Amino acid sequence: MRIKLHFHLPKEPKAAKLAAERLGELVELIREDKEEQAIDPAFFTGNIEDYPEWLREAHGDEKRLAALERFGACEPGELEEWDLESWYEDFFAGEAWDVALEAGPATPGARRTLTYSVEGEHYGGDLPLAWIVLAAGGTELERTEEP
């Protein structure tokens, strides 16, 4: 099944450009990690040190975490202790692959889409990918799926 996370870039031009650049950077890092993990899953230990500092810092943003909790139907405060290491563990424990940022404009307020594949029923694995959208500056998350 293919999951699509639709979101909007910020309405301010510099913030929209920055969000698009950050998402592009993260998607590339995730794709590289997933490729490396696929080569030898039993020995893959991860590359968390490759992820940018701004992603670590975003975990302290209460508004973004609250938006993620609403998106994931979590209890308020449920993700309070979530940090970069927790995010990384959740992402690589999940069964998402083939992560891609669909081509689109970096214009203020533009609607963009992050896509990924999952196998069969998918339980809660959207949070780590939704988080990168929010951490980079995306807003108004919406999830759809295609068989």
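Data block above holds the structure.
## Remarks on the nonpolar core
- Counting residues in hydrophobic clusters, the biggest one holds 44 residues, and the most contacted among them are Tyr51, Leu55, Trp87, Leu114, Leu129 and Trp131.
- Contributions of two or more residues to this core are made by strand 1 (2-8), helix 1 (13-39), helix 2 (53-58), helix 3 (62-71), helix 4 (84-93), strand 3 (111-117) and helix 5 (126-136).
- Per element, the largest residue contribution to this core is nine residues, and it comes from helix 5.
- Setting aside anything within four residues of it in sequence, one finds leucine 55 in contact with Leu26, Leu84, Trp87, Trp131 and Ala135.

## Some points on the side chain of glutamine 37
- In this structure, glutamine 37 sits in helix 1.
- The exposure class assigned to glutamine 37 is buried, which follows from its relative accessible area of 17%.
- Polar side-chain contacts of glutamine 37 include one of 3.3 Å to the side chain of lysine 34.
- Among residues more than four places away in sequence, those in contact with glutamine 37 are Phe44 and Phe92.

## Details of the sheet that holds strand 4 (residues 139-146)
- Across the sheet, which stays open at both edges, the four strands sit in the order 2-3-1-4 with antiparallel pairing between neighbours. Because the sheet does not close on itself, it has two edges, and the strands there are strand 2 (97-101) and strand 4. Strand-to-strand twist in this sheet, taken as the mean axis angle between neighbours without regard to direction, amounts to 15°.
- Pairing analysis gives six bridges linking strand 1 to strand 4, with the strands arranged antiparallel. Each bridged residue has a counterpart across the sheet, and for histidine 8 the counterpart in strand 4 is threonine 139.
- Each of strand 1, strand 2, strand 3 and strand 4 is contacted by helix 5, which is oriented at about 150° to strand 3, the strand it contacts most.

Conventions adopted
Residues numbered from 1 in each chain as written. Predicted model: local features only at pLDDT ≥ 70, side-chain atom pairs only at ≥ 80, totals over all residues. Heavy atoms only, no water. Core = buried A, V, L, I, M, F, W, Y, C linked by side-chain atoms within 4.5 Å. Buried < 20%, exposed > 50% of the residue type's maximum accessible area, 1.4 Å probe, protein only. Helix = DSSP H or I, 4+ residues; strand = E, 2+ residues; numbered from the N terminus. Contact = heavy atoms within 4.5 Å. Polar contact = N/O pair within 3.5 Å; in protein donor to acceptor, adjacent residues only side chain to side chain. Pairing = 2+ DSSP bridges. Axes fitted to C-alpha atoms, helices over the stretch in contact; angles between N-to-C directions.

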